[in-house]
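Observations on chain architecture
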Amino acid sequence: MALEIKILDYGDIELEASFLVLGRDCGRTRRVPTYGFLILGGPWPVVVDTGYRHNQIMESLGMRGLQFHENMIENQLARHGVRMGDVRYVMHTHLHIDHAGKDELFPMNTTVLVNRRELEYSVSGLMHPQYPAPDIKHLIDRLHTRDALRFEDLELSGMIELFPGCYLEAAGAHTEGSMNVHVDTAEGRAIICGDVIYDFNDQIVTPFHELHANEPRTTGNHGVSKREEKAAIKKLLATGKFLLPVHDKPAKIAHGQVVGRMDMAVPGPVVQSLPARNWFAA
């Protein structure tokens, strides 16, 4: 089944640049988008990540939220003819402040799906400020409501099929419970990869302060080891034809390299082509 991914624009965030790429421009501010994803073409619409609750909540992390009326999730879905109640699943790559802030706007018969390890991690106190109380308390309400919450144990089960053409797997990076969402499109497999990648250019195309061949740069915000972070990025580059992070535009991948950049839908036109590196040139 060929599926399509529409990108939902939830507004921007201003934050310190080294948060995104380890060691880059420390103390300087960078503005980045915050995206969610609408998967269409399956048995029902599915949403991946819901953005942050409101602008003020980002101040708890020393960041600035820039979310406006057009960025409200109901307005973003309406652009594609989808209402909140039409959505069968809301899935989360993870539960950080800018990913799970609008779950309570969905009815309880829309099932929120998370990797079980991520909900456990959200209440562990590790990376604590990034899991705000209102978001996590709402999930506890869902925990005690029939069919309102669904868990997967992806570290143990391996990849699972949610419906034809849509698969879930443990990401192995960013947070202990992060997951990737694989989507089979008409042009190949696309992987929604949350915050394993923040910035294609400075992490992968021209990795900031990396000397070794094919060595990606980690983000400045992760809860697992740098070895695990680098391995997770390399796995994504080896697996997907398209990669869709939450804070950068999608990329087209070939032979483990970023060869193009997309816009607001996958599949869709390549808006910027990047030449493949010729490692064997004289």
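Residues numbered from 1 in each chain as written. Predicted model: local features only at pLDDT ≥ 70, side-chain atom pairs only at ≥ 80, totals over all residues. Heavy atoms only, no water.

This model, assessed by the stated rule, comprises 0 disulfides. C166 carries a free sulfur, and the closest cysteine sulfur to it, the one in C193, is 14 Å from it. Note on C166: relative accessible area 0%, which makes it buried. (Disulfide = S-S within 2.5 Å. Buried < 20%, exposed > 50% of the residue type's maximum accessible area, 1.4 Å probe, protein only.)

The feature "domain: Metallo-beta-lactamase" (unreviewed entry), as annotated in UniProt, sits at residues 33–247 in this numbering. For residues 33–247, helix accounts for 22% and strand for 25%, while the C-alpha atoms at its two ends are 5 Å apart. (UniProt positions renumbered as here; feature names shortened; annotations may be inferred. Helix = DSSP H or I, 4+ residues; strand = E, 2+ residues; numbered from the N terminus.)

Take the environment of I136 next. By the secondary structure assignment, I136 is in helix α4 (residues 133–143). Once the C-alpha coordinates of I136 and M108 are considered, the two residues, 28 residues apart in sequence, prove to be 15 Å apart. Once residues lying within four places of it in the same chain are set aside, the contact partners of I136 are L95, S122, V123 and Y131. (Contact = heavy atoms within 4.5 Å.)

Take α4 next. Because an α-helix completes one turn every 3.6 residues, residues spaced three or four positions apart along the sequence face the same direction. Taken together, the buried positions of α4 are occupied by D135, I136, H138, L139 and R142. When α4 is viewed along its axis, its buried side chains cluster within an angular range of 155 degrees and face the same direction. Next to the buried residues of α4 lie β6 (111–115), α3 (116–122) and β7 (149–152). (Arc of directions from axis to C-beta.)

Membership of the largest hydrophobic core comes to 27 residues, with the highest contact counts inside it found for F37, I39, M91, V181 and L244. Counting residues in hydrophobic clusters, the runner-up holds 22 residues, among them V87, V90, M127 and L139. (Core = buried A, V, L, I, M, F, W, Y, C linked by side-chain atoms within 4.5 Å.)

Once that is clear, we can look at the environment of D199. Within the fold, D199 resides in the loop between β11 (188–194) and α6 (200–205). The class for D199 is buried, based on a relative accessible area of 10%. For the pair D199 and V246, spaced 47 residues apart in sequence, the C-alpha to C-alpha distance is 9.7 Å. Ignoring anything within four residues of it in the chain, the contact list for D199 reads V21, R24, R30, I204 and D248. There is a polar contact of 3.1 Å between the side chain of D199 and the backbone nitrogen of N201. Within the structure, D199 has its side chain in polar contact with the backbone nitrogen of D202 (distance 2.9 Å). (Polar contact = N/O pair within 3.5 Å; in protein donor to acceptor, adjacent residues only side chain to side chain.)

When the terminal C-alpha atoms of helix α7 (residues 226–239) are compared, their 20 Å separation across 14 residues agrees well with the 20 Å that a helix rising 1.5 Å per residue should span. Of the residues making up α7, those classed as buried are E229, K230, A232, I233, L236 and L237. One side of α7 holds all its buried residues, which, seen down the axis, span an arc of 160 degrees. When the buried face of α7 is taken as reference, the exposed residues oriented beyond 90 degrees from it are R227 and A238. (Expected span 1.5 Å × (residues − 1).)

Residue P267 is bonded to the preceding V266 through a cis peptide linkage, with omega at 0 degrees. Examined against the element boundaries, P267 turns out to sit in the loop between β15 (265–266) and β16 (272–273). With phi around 50 degrees, D25 is a residue other than glycine that occupies positive phi space. Position of D25 among the secondary structure elements: in the loop between α1 (17–20) and β2 (29–40). Here D25 falls in the partly exposed class, since its relative accessible area comes to 31%. A positive phi is found at D49, a non-glycine position, where the angle reads about 70 degrees. With respect to the helices and strands, the residue D49 is situated in the loop between β3 (46–48) and β4 (64–66).

A word on the packing of aromatic side chains. One pair of aromatic rings is described through two measures. These are the centre distance and the angle between the planes. In total, this model carries 4 aromatic pairs according to the counting rule given. Their ring planes at 85 degrees and their centres at 6.1 Å tell us that Y121 and Y131 sit as a pair that is edge-to-face. Pair noted here: Y121 is in helix α3 and Y131 is in the loop between α3 and α4, with a separation of 10 residues, a long-range link. What makes Y121 buried here is its relative accessible area of 2%. Members of the aromatic cluster, joined through ring pairs, are W44, Y89 and F163. Positioned above the aromatic ring of Y89 is the side chain of R88, whose terminal nitrogen or guanidinium carbon lies 4.4 Å from the ring centre. (Phe/Tyr/Trp six-rings, centres within 6.5 Å; stacked < 30°, edge-to-face > 60°. Lys NZ or Arg CZ within 6 Å of the ring centre and 35° of its normal.)

This part is about the side chain of T110. Tracing the backbone shows T110 in the loop between β5 (89–91) and β6. Ignoring anything within four residues of it in the chain, the contact list for T110 reads M84, V87, R88, Y89, V90, R142 and A148.

Strand order in the open sheet formed by 8 strands is β8-β9-β10-β11-β12-β13-β14-β16, with mixed pairing between adjacent strands. Looking at the sheet topology across the chains shown, the edges are occupied by β8 (160–163) and β16. In this sheet, strand β13 (residues 251–254) lies alongside strand β12 (residues 242–245) in antiparallel orientation, the contact comprising 2 bridges. Paired with F242 across the bridge in β13 is K252. Sheet strands touched by α7: β9 (166–170), β10 (179–185), β11, β12 and β13. Its angle to β11, the strand with the most contacts, is close to 160 degrees. (Pairing = 2+ DSSP bridges. Axes fitted to C-alpha atoms, helices over the stretch in contact; angles between N-to-C directions.)

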